[in-house]
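Chain residues, written in single-letter form:
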Amino acid sequence: HHPAGQPLMVKPFVYDPGHTRIITAGWMNKIGLPDNGGSNFGLLLQKDGLTATNAAAGAEVVFQGVLTELGFDIRNDGHFGRGPPRFNVSDQNGQNHFMGGPANVVQTPGPAPGWTRVRINPYNPAQAFPPLLPGDTVTSIEIIFDEGTDAGPDLTGFAVIDNIDVNGVLVGKAGG
């Protein structure tokens, strides 16, 4: 459960069981959208190697409850692939739901030049695989980035995201 008044938290993590050292995940200063404090944090997710490597960058979104909307703002110079960055959502039955990919989301111009706003309806079967069902309670949300420098069309192997949206609450830095 995400108590009212508590900040929504987004905690970066690295999945790299082979110790390849090609994965970076973290809130970085001066790479995100402008914010009140001038720090301009953005969440860097990077896989500096081949997609086939068993490794991924990610972030845990600390949230439990009923989900109505997911999204983020993504910098246009990085990778927005067939899947990543995407949300992996688990429900109370242990069912995994995959949400994201540019063909499956609503994209609009972002809040600043060079950015795109992404929004996902977790109940829409065109945007969530499988979609959540009415009454489902979300038990975990992860943001996953697992395509590398061999994934086109950009071949960058990274994404910078900001303003991570859960039910209309935006997170733009570590700690919420």
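These numbers come from a predicted model, not from an experiment.

**A closer look at the confidence of the model for the chain**
Item 1. Of the residues in the chain, 95% reach a pLDDT of 70 or more, and the chain-wide mean stands at 93.
Item 2. Element-level mean pLDDT values for the chain span from 91 in strand β13 (residues 169-171) up to 98 in strand β3 (residues 42-47).

**Focus: unusual backbone geometry**
Item 1. Cis rather than trans, the peptide bond between F129 and P130 has omega equal to -15°.
Item 2. Within the secondary structure layout, P130 lies in the loop between β10 (128-129) and β11 (138-145).
Item 3. The omega torsion of the bond from G152 to P153 falls at 5°, within 30 degrees of zero and hence cis.
Item 4. Position of P153 relative to the elements: it lies in the loop between β11 and β12 (158-166).
Item 5. Despite not being glycine, K30 has its phi angle at roughly 70°, a positive value.
Item 6. By the element assignment, K30 lies in the loop between β2 (23-28) and β3.
Item 7. According to the relative accessible area criterion, K30 is exposed, its value standing at 58%.
Item 8. With phi around 60°, L155 is a residue other than glycine that occupies positive phi space.
Item 9. Within the secondary structure layout, L155 lies in the loop between β11 and β12.
Item 10. You can call L155 partly exposed: its relative accessible area is 47%.

**Concerning the pairing of strand β8 (residues 106-109)**
Item 1. Note that β8 and strand β9 (residues 115-120) share four bridges and pair antiparallel. Looking across to β9, one finds that T108 is bridged to R117.
Item 2. Linkage of β8 to β9, two consecutive antiparallel strands, is achieved through a turn of five residues, within which G114 is found at a positive phi near 85°.

**With respect to the sheet that holds strand β7 (residues 96-100)**
Item 1. If you trace the six strands from one edge of the open sheet to the other, you get β1-β4-β11-β6-β7-β10, paired in antiparallel fashion. Since the sheet does not close on itself, it has two edges, and those belong to β1 (9-15) and β10, each with one partner.
Item 2. One ladder, built from five bridges, connects strand β4 (residues 56-62) with β11; its direction is antiparallel. Bridge pairing in β11 places G58 opposite I144.

**A short note on the pairing of strand β5 (residues 70-75)**
Item 1. Extensive coverage of β5 is indicated by the burial of five of its six residues.
Item 2. The pairing of β5 with β9 spans six bridges and is classified as antiparallel. Bridged to R75 within β9 is W115.
Item 3. Across four bridges, the pairing between β5 and β12 is antiparallel.

**Description of the environment of G49**
Item 1. Inspection of the secondary structure assignment puts G49 in the loop between β3 and β4.
Item 2. For the pair G49 and D146, spaced 97 residues apart in the sequence, the C-alpha separation amounts to 10.0 Å.
Item 3. Among residues more than four places away in sequence, those in contact with G49 are I22, G148, T149 and D150.

**Description of the packing of aromatic side chains**
Item 1. For the structure shown, the criterion picks out two aromatic pairs.
Item 2. Centre to centre, the rings of F72 and F80 are 6.1 Å apart; their planes meet at 70°, and the pair counts as edge-to-face.
Item 3. Judged by relative accessible area, which is 1%, F72 ranks as buried.
Item 4. With 5.8 Å between their ring centres and 35° between their planes, F72 and F87 make a pair best called tilted. With a gap of 15 residues between them, F72 in strand β5 and F87 in strand β6 (residues 86-91) connect regions that are remote in the sequence.
Item 5. One aromatic cluster is present, built from ring pairs that chain together F72, F80 and F87.

Parameters and conventions
Residues numbered from 1 in each chain as written. Predicted model: local features only at pLDDT ≥ 70, side-chain atom pairs only at ≥ 80, totals over all residues. Heavy atoms only, no water. pLDDT = per-residue confidence, 0-100. Helix = DSSP H or I, 4+ residues; strand = E, 2+ residues; numbered from the N terminus. Buried < 20%, exposed > 50% of the residue type's maximum accessible area, 1.4 Å probe, protein only. Pairing = 2+ DSSP bridges. Contact = heavy atoms within 4.5 Å. Phe/Tyr/Trp six-rings, centres within 6.5 Å; stacked < 30°, edge-to-face > 60°.

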